[in-house]
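Fold and contact review
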Amino acid sequence: MAKISFKNVSKIYNGETEAVSNFSIDIADKEFIVLVGPSGCGKSTVLRMIAGLEEITAGELYIGDRLVNDLPPKERDVAMVFQNYALYPHMTVYKNMAFALENRKVPKAEIDRKVREVAKLLDIEHALKRKPRTMSGGQRQRVALGRAMVRDPAVFLLDEPLSNLDAKLRTSMRSEIIKLHKRSDSTFVYVTHDQTEAMTMGDRIVVMRDGVIQQADTPQNVYRFPCNMFVASFIGMPSMNFLPATLAKDAYGYYLVLQDVGIRLDKAETVLAPYLNRQVIMGIRPDGVRPDPQGVIRAKLEVAEPLGGETHLHLYCCGEKIVAKVNGLAQYDPDQQIPLTFDASHIHLFDAETETVICH
């Protein structure tokens, strides 16, 4: 069993720099969890604490039922795949994959069986006699995965393993890692700053900022119900648009005043009541912003970004820059004035001071 439990874990460097703060989460056995966030948010530090490569300053870390705070890496039954592959350049692919098993004094026949079985699975069987320097980035990443797989670890730790690959190869390797997880009996903890990887690979994603968990949930829930403006802006491409507005009310209910235009809301009155006549932040994703000849919100087109099946319109609206996602066949002229409609069902409201969500 490879359940992982963090209980109020913190990591402080040099007695002053807090890289991870009060980190608490339970990762289920065989779960695929993705830690995502900008550079410096502490996600790799969390991974290295699981591996035993970083000491824990405070709190408790359990793998299964064992407290592992002071347990050396070799006794944790984890395998780590690094961003830069970390292969031994002087060894063949076969030797790279067999190295850890040889150190454990595993019988040669069993080593050979495991290495060839995993190599076939990863389609690198033909390259077992080659050196890493003669291989492509994708092949080297497969070797790094294979080296971890032959150990049958309870926990796979993957630290930005695809960031050195080109876009097409990243897509295919994402699929390979997902299939690997489904075939294995291991728990996967995956670190990335790429939200596409997070959204497509994880059973759950953990969004981090400045060493603190912002939100942990399924990819769809994090996308649809972000808990604050940071999560809303970080998850989603293009990111969510934010516009300041004033919350008002008339006989028909609540509405937002934006550019002297009222946008009717269908949100719960009990949630909105404390914000009446106050400024709030309206959040709306690009697919909820629609050019509409009958629209009463005016925007100026700055750039039209055609992407084949869709086009991203970069607009200036209500003193802010926003993006609308439209059909790729639509044609627009630079500096064109475009009337817009905001889909009320896509609107999120955030507290202007705390940036936490009011309602979705």
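See the structure printed just above.
Analysis parameters
Residues numbered from 1 in each chain as written. Predicted model: local features only at pLDDT ≥ 70, side-chain atom pairs only at ≥ 80, totals over all residues. Heavy atoms only, no water. Phe/Tyr/Trp six-rings, centres within 6.5 Å; stacked < 30°, edge-to-face > 60°. Helix = DSSP H or I, 4+ residues; strand = E, 2+ residues; numbered from the N terminus. Buried < 20%, exposed > 50% of the residue type's maximum accessible area, 1.4 Å probe, protein only. Pairing = 2+ DSSP bridges. Axes fitted to C-alpha atoms, helices over the stretch in contact; angles between N-to-C directions. Parallel < 35°, antiparallel > 145°, perpendicular 65-115°, else oblique. Left-handed = near helix turned anticlockwise from the far one by under 90°. Contact = heavy atoms within 4.5 Å. Nonpolar A, V, L, I, M, F, W, Y, C, P; charged D, E, K, R; others polar. Expected span 1.5 Å × (residues − 1). Polar contact = N/O pair within 3.5 Å; in protein donor to acceptor, adjacent residues only side chain to side chain. Core = buried A, V, L, I, M, F, W, Y, C linked by side-chain atoms within 4.5 Å.

In this section: the packing of aromatic side chains. Summed over all chains, the structure comprises 7 aromatic pairs. Considering the side-chain rings of Phe 32 and Tyr 190, the 6.0 Å spacing of their centres and the 35° angle between planes classify their relative orientation as tilted. With a gap of 158 residues between them, Phe 32 in strand β3 (residues 32–36) and Tyr 190 in strand β8 (residues 187–192) connect regions that are remote in the sequence. The residues Phe 32 and Tyr 190 share a single accessibility class, namely buried.

Moving on, we get to the sheet that holds strand β7 (residues 155–159). Within the open sheet, the 6 strands sit side by side as β6-β7-β8-β3-β9-β10. Their pairing is mixed. Edge positions in the sheet fall to β6 (78–81) and β10 (212–217), since each has one partner strand and no second. Adjacent strand axes in the sheet meet at a mean angle of 15°, parallel and antiparallel pairs treated alike. By the bridge criterion, 5 bridges tie β3 to β8 in an arrangement that is parallel.

Running from N to C, helix α2 (residues 93–103) and helix α4 (residues 137–149) cross one another at 30°; their axes reach a closest spacing of 8 Å. By the angle class used here, α2 and α4 are roughly parallel. The two elements α2 and α4 cross, and the hand of that crossing is right-handed. Contacts between α2 and α4 involve Val 93, Asn 96 and Met 97 from the former and Val 143, Gly 146 and Arg 147 from the latter. Tallied by class, the residues present in the contact of α2 with α4 amount to 3 nonpolar, 2 polar and 1 charged.

Another aspect to go through is the pairing of strand β4 (residues 58–63). Strand direction decides the pairing type here: strand β1 (residues 4–13) and β4, joined by 5 bridges, are antiparallel. Along β4, the bridge assignment pairs Ser 5 with Tyr 62. Where β4 folds back on strand β5 (residues 66–67), the antiparallel hairpin that results is connected by 2 residues, among which Gly 64 adopts a positive phi of roughly 65°.

The end-to-end C-alpha separation of helix α5 (residues 167–183) is 25 Å, in line with the 24 Å expected for 17 residues at 1.5 Å each. All of the buried residues along α5 are Met 173, Arg 174, Glu 176, Ile 177, Leu 180 and His 181. Turning to α5, the residues buried within the fold contact β3, α4, β7, β8 and α6 (195–201). At the N-terminal end of α5, a side-chain oxygen is found 3.2 Å from the backbone nitrogen of Lys 168, two or three residues along, and the residue is Asp 166.

It is worth spelling out the nonpolar core at this point. One finds Met 97, Val 115, Leu 145, Leu 158, Ile 177, Tyr 190 and Ile 235 to be the most contacted residues of the largest nonpolar core, which totals 46 residues. In this view, Val 115 contacts Tyr 94, Met 97, Ala 98, Leu 128 and Val 150; residues no more than four positions away in its chain are not counted.

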